[in-house]
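# Descriptive analysis of the structure
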Amino acid sequence: QVQLVESGGGLVQPGGSLRLSCAASGSIVSIYAMGWYRQAPGKQRVLVATITSRGRRNYADSVKGRFTISRDNAESTVYLHMDSLKPEDTAVYYCNADLETVATIRRDYWGQGTQVTVSS
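Quick look at the structure, then.

Rules and cut-offs
Residues numbered from 1 in each chain as written. Predicted model: local features only at pLDDT ≥ 70, side-chain atom pairs only at ≥ 80, totals over all residues. Heavy atoms only, no water. Helix = DSSP H or I, 4+ residues; strand = E, 2+ residues; numbered from the N terminus. Rg over C-alpha atoms; globule rule 2.2 N^0.38 Å. Buried < 20%, exposed > 50% of the residue type's maximum accessible area, 1.4 Å probe, protein only. Contact = heavy atoms within 4.5 Å. Areas by Shrake-Rupley, 256 points an atom, 1.4 Å probe, with all protein chains shown as cover. Pairing = 2+ DSSP bridges. Axes fitted to C-alpha atoms, helices over the stretch in contact; angles between N-to-C directions. Core = buried A, V, L, I, M, F, W, Y, C linked by side-chain atoms within 4.5 Å. Disulfide = S-S within 2.5 Å.

## Considering the overall build of the protein
Looking only at helices and strands, the protein has zero helices and 11 strands in total. Starting at the N terminus, the α and β elements of the protein follow one another as β-β-β-β-β-β-β-β-β-β-β. The C-alpha radius of gyration of the protein comes to 14 Å, within 12% of the 14 Å expected for a compact globule of 120 residues. With 120 residues in all, the protein has 42% of them scored as buried. When contacts within the protein are restricted to residue pairs at least 6 apart in sequence, those whose partners lie at least 24 apart make up 53%. Just so you have it, the protein exposes about 6600 Å², and 46% of that area is on carbon and sulfur atoms.

Okay, structure coming up:
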């Protein structure tokens, strides 16, 4: 069974920084893309950033230049470094991984979510 365990959320003032981490574990054969999505209250879940196994990155326009996604393939971990945070970045952030296990074909998995609140 696959688990995606997120950490690093919390309360931060506008202009501050946070780093989110997400570690994948289980009988994983291959991890393809990993990424972060967020869902603000009353809104749909939207893409924040993704990164392929070869390091190709994609960002939502709203976070370009402020957020950086990276991954450690050896540790099956993806990170999201967030700078210059704004109140509109407040949301639950979800980790996503496109992966294959010894028992299942390639599919998406989701973490449980971590709250990020940007407020003074």
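## Focus: the environment of Ala103
Relative to the helices and strands, Ala103 is located in the loop between strand 9 (91–101) and strand 10 (107–110). Look at Ala103 and you get exposed, because its relative accessible area is 70%.

## Points about the sheet that holds strand 7 (residues 67–72)
Ordered in space as 1-3-8-7, the four strands form an open sheet in which the pairing is antiparallel. Only two strands of the sheet have a single neighbouring strand rather than two, namely strand 1 (3–7) and strand 7. The mean inter-strand angle of the sheet, taken between neighbouring strand axes irrespective of direction, is 15°. For strand 7 and strand 8 (residues 77–82), the ladder comprises six bridges, and the chain directions are antiparallel. Among the inter-strand pairings, Asp72 is bridged to a residue of strand 8, identified as Thr77.

## Concerning the nonpolar core
Formed by 30 residues in total, the largest nonpolar core has its most connected members in Trp36, Leu80, Met82 and Tyr93. Those elements giving two or more residues to this core turn out to be strand 3 (18–25), strand 4 (28–39), strand 5 (46–51), strand 7, strand 8, strand 9 and strand 11 (114–118). Considering every element that reaches this core, the biggest residue donor is strand 9, with five residues.

## A closer look at the state of the cysteines
Evaluated as defined, the whole model comprises one disulfide. Across the disulfide, Cys22 is cross-linked to Cys95 (sulfur-sulfur distance 2.0 Å). Here Cys22 and Cys95 share a disulfide; its torsion about the S-S bond, -80°, makes the bridge left-handed. Remark: Cys95 occurs in strand 9 and Cys22 occurs in strand 3; sequence separation between them is 73 residues. Judged by relative accessible area, which is 0%, Cys22 ranks as buried.

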